[in-house]
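Now for the letters of each chain:
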Amino acid sequence: MVMNSAITAQTLKQMKAQGERFSCLTAYDASFAQRIAEAGVEVQLVGDSLGMVIQGEESTLPVSVDDMIYHCRSVRRASGHSLVMVDMPFMSCTNPAQALENAGRLMKEGGAHMVKLEGGQSMLEAVRLLSIHGVPVCSHLGLLPQSVHKLGGYKVQGRDHEAADAILADAKALEAVGADVLLLECVPATLAKRVTAAVAIPVIGIGAGVDCDAQVLVVYDMLGITPGKRPKFSKNFLLDANDIPEALHNYAQAVKSATFPTEQQSF
Ligand code: KIV
């Protein structure tokens, strides 16, 4: 698809309907945003992973709404035609009214095109209210990094039948209340395939196999910048490229042609 105009939630839904995959990368500043847009990446996620990769925190929990607004504004200045999605950080949507107020700030002050929030059943009323008020929403299911202490670590979710069925039910319920996009993190590829087939809205995967409609990675992981062990679901695209723009381009093409992820990066 040749993109002459800005990508919206509707564009992503049309792409799914036409069987066309799209790519997503995290972005936290204007320089990366410009390069990511030039590489043809459709969605830029201002992820609360910035708490770890930018701020050096142990988890995403300390990130504030003001932090997200600052980074989102930086990204928006150079994001070109990409849709800019921003994370609602930990404790910014503990009830629907608070979710609406903070989503409003992220859109008005940060310039976000879409907000992403973690959770299924507990977020249904918030997602419904956001949708009624014209806020495009991505609902994040599977491994929820903001619940890392409750989950006991960054572990694959939905491995047994009961947990898998609960994620599938959450996905359908979120679509019914108005979610525009789903993001599935660290779930078995077979479950991600079921979820992707069961909903009409696009599903972005990370550690969720190749059968999702789209893929996302943390840009610092896929360029080999993040210190420590690279997560199983990620891949260093800089190793086979001459420079960063080529690595970003190769990632976008690999997602669109379904050559990334492989079984090696799946559960
Ligand atoms: O914050 C983030 O970067 C994310 C991705 C890991 C999906 O939510």
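The structure presented is a predicted model; accordingly, all values stated were derived computationally and were not measured.

## Describing the pattern of salt bridges
Argument step 1. The tally for this structure, following the rule as stated, stands at 9 salt bridges.
Argument step 2. Salt-bridge contacts for aspartate 87 lead to lysine 116; the nearest nitrogen and oxygen are separated by 2.7 Å. Separated by 29 residues along the polypeptide, aspartate 87 in strand 3 (residues 83-87) and lysine 116 in strand 4 (residues 114-118) bring together distant segments of the chain.
Argument step 3. Between arginine 128 and glutamate 125 there is a salt bridge; the shortest N-O distance is 3.1 Å. In this pair, arginine 128 and glutamate 125 are both assigned in helix 6 (residues 124-132), 3 residues apart and thus about one turn of the helix distant.
Argument step 4. When its relative accessible area of 36% is taken as the criterion, arginine 128 is described as partly exposed.

## What to know about the pairing of strand 8 (residues 214-217)
Argument step 1. Both faces of strand 8 are covered, namely the face carrying Ala214 and Val216 and the face carrying Gln215 and Leu217.
Argument step 2. Here strand 1 (residues 22-26) pairs with strand 8 via 4 bridges, running parallel. By the bridge assignment for strand 8, serine 23 is matched with glutamine 215.
Argument step 3. Taken together, the 2 bridges between strand 7 (residues 203-206) and strand 8 define a ladder with parallel strand orientation. Note on strand 8: the bridge partner recorded for isoleucine 204 is alanine 214.

## Topic: the sheet that holds strand 1
The strands making up a sheet associate through hydrogen bonds between their backbones, and the pairing can be parallel or antiparallel.
Argument step 1. Strand order in this closed barrel of 8 strands is 1-2-3-4-5-6-7-8, and the pairing throughout is parallel. Strand-to-strand twist across the sheet, computed as the mean angle between neighbouring axes with direction ignored, equals 25°.
Argument step 2. Bridge count for strand 5 (residues 137-142) against strand 6 (residues 181-185) is 5 bridges, and the pairing is parallel. Looking across to strand 6, one finds that serine 139 is bridged to leucine 182.
Argument step 3. Strands strand 1 and strand 8 of the sheet are contacted by helix 11 (residues 244-256), whose axis makes an angle of about 140° with strand 1.

## With respect to the packing of helix 8 (residues 161-176) against helix 9 (residues 189-198)
Argument step 1. As a packed pair, helix 8 and helix 9 sit with axes 10 Å apart at the nearest point and diverge in direction by 25°. In terms of axis orientation, helix 8 runs roughly parallel to helix 9. Viewed along their axes, helix 8 and helix 9 form a crossing whose handedness is right-handed. Every residue of helix 9 that contacts helix 8 at Ala164, Asp165, Ile167, Leu168, Ala171, Lys172 and Glu175 is listed here: Leu191, Arg194, Val195 and Ala198.
Argument step 2. Class assignment for the residues of the contact of helix 8 with helix 9 results in 7 nonpolar, no polar and 4 charged.

## Notes on the packing of aromatic side chains
Argument step 1. Under the definition given, this model contains 5 aromatic pairs.
Argument step 2. Arranged with centres 5.4 Å apart and planes meeting at 80°, the rings of phenylalanine 237 and tyrosine 251 form a pair that is edge-to-face. Residue phenylalanine 237 is found in the loop between helix 10 (219-222) and helix 11, and its partner tyrosine 251 is found in helix 11; the two are separated by 14 residues along the sequence. The two residues phenylalanine 237 and tyrosine 251 agree in class, both being buried.
Argument step 3. One aromatic cluster in this structure is built from Tyr28, Phe32 and Tyr220.
Argument step 4. In this arrangement the basic side chain of lysine 235 is found over the ring face of phenylalanine 237, its NZ or CZ atom lying 4.8 Å from the centre.

## Section: the packing of helix 5 (residues 96-108) against helix 6
Argument step 1. Between helix 5 and helix 6, the shortest axis-to-axis distance is 8 Å and the interhelical angle comes to 45°. The angle between helix 5 and helix 6 places the two elements in the oblique class. The element helix 5 and its partner helix 6 pack so that their crossing is right-handed. Residues Pro96, Ala97, Ala99, Leu100 and Ala103 of helix 5 form the contact with helix 6, whose participating residues are Glu125, Ala126, Leu129 and Leu130.

What counts, and where the lines are drawn
- Residues numbered from 1 in each chain as written.
- Predicted model: local features only at pLDDT ≥ 70, side-chain atom pairs only at ≥ 80, totals over all residues.
- Heavy atoms only, no water.
- Salt bridge = Lys/Arg side-chain N within 4 Å of Asp/Glu carboxyl O.
- Helix = DSSP H or I, 4+ residues; strand = E, 2+ residues; numbered from the N terminus.
- Buried < 20%, exposed > 50% of the residue type's maximum accessible area, 1.4 Å probe, protein only.
- Pairing = 2+ DSSP bridges.
- Axes fitted to C-alpha atoms, helices over the stretch in contact; angles between N-to-C directions.
- Contact = heavy atoms within 4.5 Å.
- Parallel < 35°, antiparallel > 145°, perpendicular 65-115°, else oblique.
- Left-handed = near helix turned anticlockwise from the far one by under 90°.
- Nonpolar A, V, L, I, M, F, W, Y, C, P; charged D, E, K, R; others polar.
- Phe/Tyr/Trp six-rings, centres within 6.5 Å; stacked < 30°, edge-to-face > 60°.
- Lys NZ or Arg CZ within 6 Å of the ring centre and 35° of its normal.

Any functional reading would require information beyond the geometric quantities listed.
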